[in-house]
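# Architecture and fold: a report
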Amino acid sequence: MRRGNIVLPVVLFLSLTLIAAYVFYSNRTREYSSDRFLMDTLISIKVYGSDSEALKEAVASAYSEMHRIASLTDAFPKIGTPEYRESDACRINQQAGVAPVVVDKDTFKILKMAKHYSELSEGAFDVTVGPLMDLWGFGGKNPHIPSPESIKSALSLVNSRDLILNEQERTAFLAKRGMKLDLGAIAKGYATEKAIQSLKASGISKALIDAGGNIRVLGRNLHGTQWRIGIKDPRKQNAVVAILQLEDSSAVTSGDYYRFFEVDGKRYHHIIDPRSGYPAGENMTVTTLTADAALADVLSTLFFVLPPEKAVQMAENLDGVDLFLITDKRRIMHTQSLKGKIDVPSETSYRYDQRR
Ligand code: AMP
Ligand code: MG
């Protein structure tokens with residue numbers, strides 16, 4: 001065989017290999033991940049796709065959406081600052097008992113949802129809990145047990161029925177002076193959901209947002225299977241009590257171990273029962289699973305305040321909602337449909353009767 005006869009096929013083969021390698025490389029799924037501190041928590045967004053620049057841009061837009069929701073809902077900026085003027089929550093609080101305030105569309109949606117779930121839970125969930133939160137001081141450096149008298153007077157200012165919403169005018173009004181919104185139980189979930197919707201609009205189909213342990217996933221993971229999410233052990237740092245599978249959905253946790261102090265061996269934490277004025281007492285940790293992260297955030301706080309049996313029963317009656325919880329008696333409970341989707345290690349230190 002002449003030399004020329006071999007050169008051509010070899011060159012052809014090499015070129016084809018190079019082209020194949022290029023096509024493979026440029027279509028390869030890449031991960032882009034970025035962390036930011038927002039809404040008092042470390043937020044992490046991970047996205048997957050083939051175009052690095054597009055991934056980066058998508059995440060930047062998602063963060064700006066989260067930032068916008070954070071600015072609207074933050075009730076803590078000091079009077080007179082630009083942050084204060086940007087916050088609908090601050091303006092509503094300042095005008096409590098004075099006048100309705102025109103708010104952003106998203107703020108209105110948040111308040112409408114909050115009010116609805118207050119009614120549904122007969123006050124277990126209530127974003128007008130602000131005066132009680134201030135008394136207990138969980139937002140600041142010196143949380144403490146308030147006097148029973150001060151709790152009693154704060155209680156008279158906590159009631160979502162006095163949060164008046166006007167759909168036509170898009171206004172919100174707290175009917176009594178001294179009332180105060182605290183959107184800490186819903187804002188992060190709402191912002192997370194907005195970020196996911198923004199990623200979707202940018203063409204992303206695989207993503208995971210971890211907002212301080214509150215998880216929202218888009219699609220399946222890189223291997224095409226469901227994401228495996230760990231539920232934190234409420235009494236052991238860096239340990240997991242259960243693993244659950246998630247796809248296109250969210251898992252949001254409310255726990256008594258995030259912000260708390262102890263007096264005489266008793267734990268006082270930041271989720272308050274708005275009917276008593278004291279920290280809700282019957283659960284250590286509650287994880288709600290549902291598609292929408294805003295709803296999951298609302299429901300995890302709401303279920304945390306309810307007695308465990310009642311919470312599970314209510315979750316069973318809500319479409320597309322699952323619940324996992326650990327009671328203060330160290331008992332694991334969950335909705336029926338989680339059976340088979342949740343993995344609790346056999347050597348768990350909690351009581352788990354539903355395994356069978
Ligand atoms: P989460 O971690 O989502 O359960 O939210 C807890 C935060 O929600 C607290 O730090 C308060 O800002 C606020 N909060 C506390 N108790 C309640 C309640 N019963 N209903 C609504 N918001 C609450
Ligand atoms: Mg919540």
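Predicted model only: the values in this text are computed from it and were never measured. (Residues numbered from 1 in each chain as written. Chains lettered and ligands numbered in written order. Predicted model: local features only at pLDDT ≥ 70, side-chain atom pairs only at ≥ 80, totals over all residues. Heavy atoms only, no water.)

### Considerations on the environment of K188
- In this structure, K188 sits in helix 8 (residues 187-201).
- Residue classification places K188 among the buried positions, given a relative accessible area of 18%.
- The sequence separation of K188 and A21 amounts to 167 residues, and the corresponding C-alpha distance is 43 Å.
- With residues up to four places along the chain from it excluded, the contact list for K188 reads M39, T41, A211, N214 and D297. (Helix = DSSP H or I, 4+ residues; strand = E, 2+ residues; numbered from the N terminus. Buried < 20%, exposed > 50% of the residue type's maximum accessible area, 1.4 Å probe, protein only. Contact = heavy atoms within 4.5 Å.)

### Overview of the side chain of T290
- Within the fold, T290 resides in strand 13 (residues 283-290).
- Engagement of the side chain of T290 in a polar contact is seen with the backbone oxygen of G320, the distance being 2.8 Å.
- Residue contacts for T290: discarding those within four places in its chain leaves S249, S250, L295, A296, G320 and V321. (Polar contact = N/O pair within 3.5 Å; in protein donor to acceptor, adjacent residues only side chain to side chain.)

### Some words on the coordination of the magnesium ion (ligand 2)
- The protein atoms that coordinate the magnesium ion (ligand 2) are A185 (O), D297 (O), D297 (OD) and T301 (OG1), at distances spanning 2.1 to 2.5 Å.
- Considered as a linear motif, the donors of the magnesium ion (ligand 2) on their single chain read A-x111-D-x3-T. Separated by four residues within a single helix, D297 and T301 lie in helix 9 (residues 293-305), roughly one turn from each other. (Donors = N, O, S within 2.8 Å, 3.2 Å for Na, K, Ca; no water.)

### Overview of the domain arrangement of the chain
- Structurally, the chain comprises domain 1 (76-174) and domain 2 (226-355).
- Placing a centre on the C-alpha atoms of domain 1 and another on those of domain 2 gives a separation of 25 Å.
- Here domain 1 meets domain 2 over a buried area of about 1,900 Å², counting both sides, of which 79% is carbon and sulfur.
- Contact with domain 2 buries area across many residues of domain 1, yet A124, W136 and F138 alone supply 30% of it, more than any other trio.
- Across the contact surface, domain 1 and domain 2 share zero salt bridges. (Domains from an automatic or database assignment. Buried area = accessible area lost by both parts, 1.4 Å probe. Salt bridge = Lys/Arg side-chain N within 4 Å of Asp/Glu carboxyl O.)

### Some thoughts on a negative patch on the surface
- Together, D40, D74, E83 and E86 make up a negatively charged patch on the protein surface.
- Summarising the element assignment, E86 is placed in helix 3 (residues 82-86). (Patch = residues over 30% accessible without salt bridge, like charges linked within 9 Å, V, L, I, M, F, W, Y side chains within 5 Å. Areas by Shrake-Rupley, 256 points an atom, 1.4 Å probe, with all protein chains shown as cover. Lys, Arg positive; Asp, Glu negative; His and termini not counted. Charge placed at Lys NZ, Arg CZ, Asp CG, Glu CD.)

### Description of the sheet that holds strand 7 (residues 214-218)
- Read from one edge of the open sheet, eight strands run 1-2-6-7-10-13-14-15, paired in antiparallel fashion. Strand pairing shows two members of the sheet lacking a second neighbour, strand 1 (30-38) and strand 15 (332-334), which therefore form its edges. The mean inter-strand angle of the sheet, taken between neighbouring strand axes irrespective of direction, is 10°.
- In the packing of helix 2 (residues 52-73) onto the sheet, contacts are made with strand 1 and strand 2 (41-49), and the angle to strand 1 comes to roughly 20°. (Pairing = 2+ DSSP bridges. Axes fitted to C-alpha atoms, helices over the stretch in contact; angles between N-to-C directions.)

### Section: a nonpolar patch on the surface
- On the surface, I6, V7, V10, V11, F13 and L14 cluster together into a nonpolar patch covering about 560 Å² of accessible area.
- Along the polypeptide, I6 turns up in helix 1 (residues 3-27).
- Taking relative accessible area as the criterion, I6 reaches 45% and is therefore assigned partly exposed.

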